[in-house]
Amino acid sequence: MIRVTPILLAILYALVMYRLSAWRTHRELDARSTELADPGLKVLTDRLAAALGLDRIPVYIYEIDPVNGLAAPDGRIFITRGFYRKYRNGEVSGDEMASVIAHELGHVALGHARRRMLDFSGQNALRTALIMVLGRIIPVAGVWIANMLTGLLAARLSRGDEYEADEYAAALLTKAGIGIAPQKSLFTKLEALTQSRAGVAPAWLMSHPKTTERIAALERLEARWQTAR
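Residues numbered from 1 in each chain as written. Predicted model: local features only at pLDDT ≥ 70, side-chain atom pairs only at ≥ 80, totals over all residues. Heavy atoms only, no water.

Peer 1: Help me out: how do you make sense of the confidence of the model for the protein chain in this one?
Peer 2: As a note on interpretation, predicted positions should not be read in detail where pLDDT is low. Mean pLDDT for the protein chain: 77, with 63% of residues reaching 70 or above. This stretch, residues 196-206, has a pLDDT under 50; its non-local contacts, to residues over four places away or in other chains, come to 11 contacts. (pLDDT = per-residue confidence, 0-100. Contact = heavy atoms within 4.5 Å.)

In structure tokens form, the structure reads like this:
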């Protein structure tokens, strides 16, 4: 029983952390967001909605400065105030903003948004279990090894999700008549758009695939579609 105790504790910890994370995320988004009311972007989201057979796609502004888009576990799509500001300043086009929304819709449709929260809780549980086990075997380096292994796992899962959401967005944008070009042009801007004042890329960008690799993946996808015609 003593040997399995760390595993049981880790599972219990994961369940508690999942519930707590879901509650905190929902409360934070409710408190700091409002529905987007932009006529120009609504024309584009209506085209995405039509391509999906929906009446409309509500998008919300999340009142934080970092440039990002996100899909909440409850299925809502958010654009940060910082990202919207880039659009209003002319640094990002409407079609490029539509590509962000399509990407986040991909995360929702493919189940990434909910799974990511489960993965986060599971990774914390795995980290806890590894620390308990490795800490006994390698007292000094055990914690470092546990953190490294769970960090590598998290990055791998996140990057896989990004490629899948990119592919979903490419298909949706093409069906809506917007095309893949805005996706690729936005990727070329991402690094500059997401730089902090200190010139350091945010952690979320580090967990995403490199922009050159994402563009190359889209071009391979386009080539497959052209061959299939």
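Peer 1: Would you take a moment to explain the pairing of strand β4 (residues 77-80) for this structure?
Peer 2: Residues in a regular strand project their side chains so that they alternate between the two faces of the sheet. Residues Ile77 and Ile79 of β4 are buried on one face, and the alternating residues Phe78 and Thr80, pointing to the opposite face, are buried as well. As defined by bridge partners, strand β2 (residues 59-62) adjoins β4 across four bridges and the pair is classed as parallel. By the bridge assignment, Val59 is partnered in β4 with Ile77. Direction of pairing for strand β3 (residues 69-71) relative to β4: antiparallel, over a ladder of three bridges. Bridge assignment links Ala71 to a residue of β4, and that residue is Ile77. (Buried < 20%, exposed > 50% of the residue type's maximum accessible area, 1.4 Å probe, protein only. Helix = DSSP H or I, 4+ residues; strand = E, 2+ residues; numbered from the N terminus. Pairing = 2+ DSSP bridges.)

Peer 1: Honestly, the sheet that holds β4 in this entry has me stumped. Any pointers?
Peer 2: Two modes of strand pairing occur in sheets, parallel and antiparallel, and in both the strands are linked by backbone hydrogen bonds. Pairing is mixed in the open sheet, where four strands are placed in the order β1-β2-β4-β3. At either margin of the open sheet sits one strand with a lone partner, and together these are β1 (33-35) and β3. Averaged over all pairs of adjacent strands, the angle between their axes in this sheet comes to 30°, without regard to strand direction. The strands touched by helix α4 (residues 94-109) within the sheet are β2, β3 and β4, with β4 carrying the most contacts at an inclination of about 140°. (Axes fitted to C-alpha atoms, helices over the stretch in contact; angles between N-to-C directions.)

Peer 1: Quick question: what am I supposed to make of the nonpolar core here?
Peer 2: Looking at soluble globular proteins, one finds that nonpolar side chains tend to be buried together. Formed by 30 residues in total, the largest nonpolar core has its most connected members in Leu48 and Phe83. Looking at which element gives the most residues to this core, the answer is α4, with six residues. Residues contacting Leu48, with those up to four places away along its chain left out, are Ile57, Ala98, Ile101, Ala102, Leu105, Leu172, Leu173, Ala176 and Ile178. Judged by nonpolar contacts, the second largest core, of seven residues, contains Ala170, Phe187, Ile215 and Leu218. (Core = buried A, V, L, I, M, F, W, Y, C linked by side-chain atoms within 4.5 Å.)

Peer 1: Honestly, the packing of aromatic side chains in this entry has me stumped. Any pointers?
Peer 2: Remark: the centre distance and the inter-plane angle together describe each pair of aromatic rings, the angle taken between the planes. Counted by the stated rule, this structure contains three aromatic pairs. A ring pair is formed by Tyr62 and Phe78, whose centres lie 6.4 Å apart and whose planes are at 70°; its orientation type is edge-to-face. Taken together, the residues span a long stretch of sequence, with Tyr62 in strand β2 and Phe78 in strand β4 at a distance of 16 residues. A relative accessible area of 10% means that Tyr62 is categorised as buried. Ring plane angle 35° and centroid distance 5.8 Å describe the contact between Tyr84 and Tyr87, whose orientation is recorded as tilted. (Phe/Tyr/Trp six-rings, centres within 6.5 Å; stacked < 30°, edge-to-face > 60°.)

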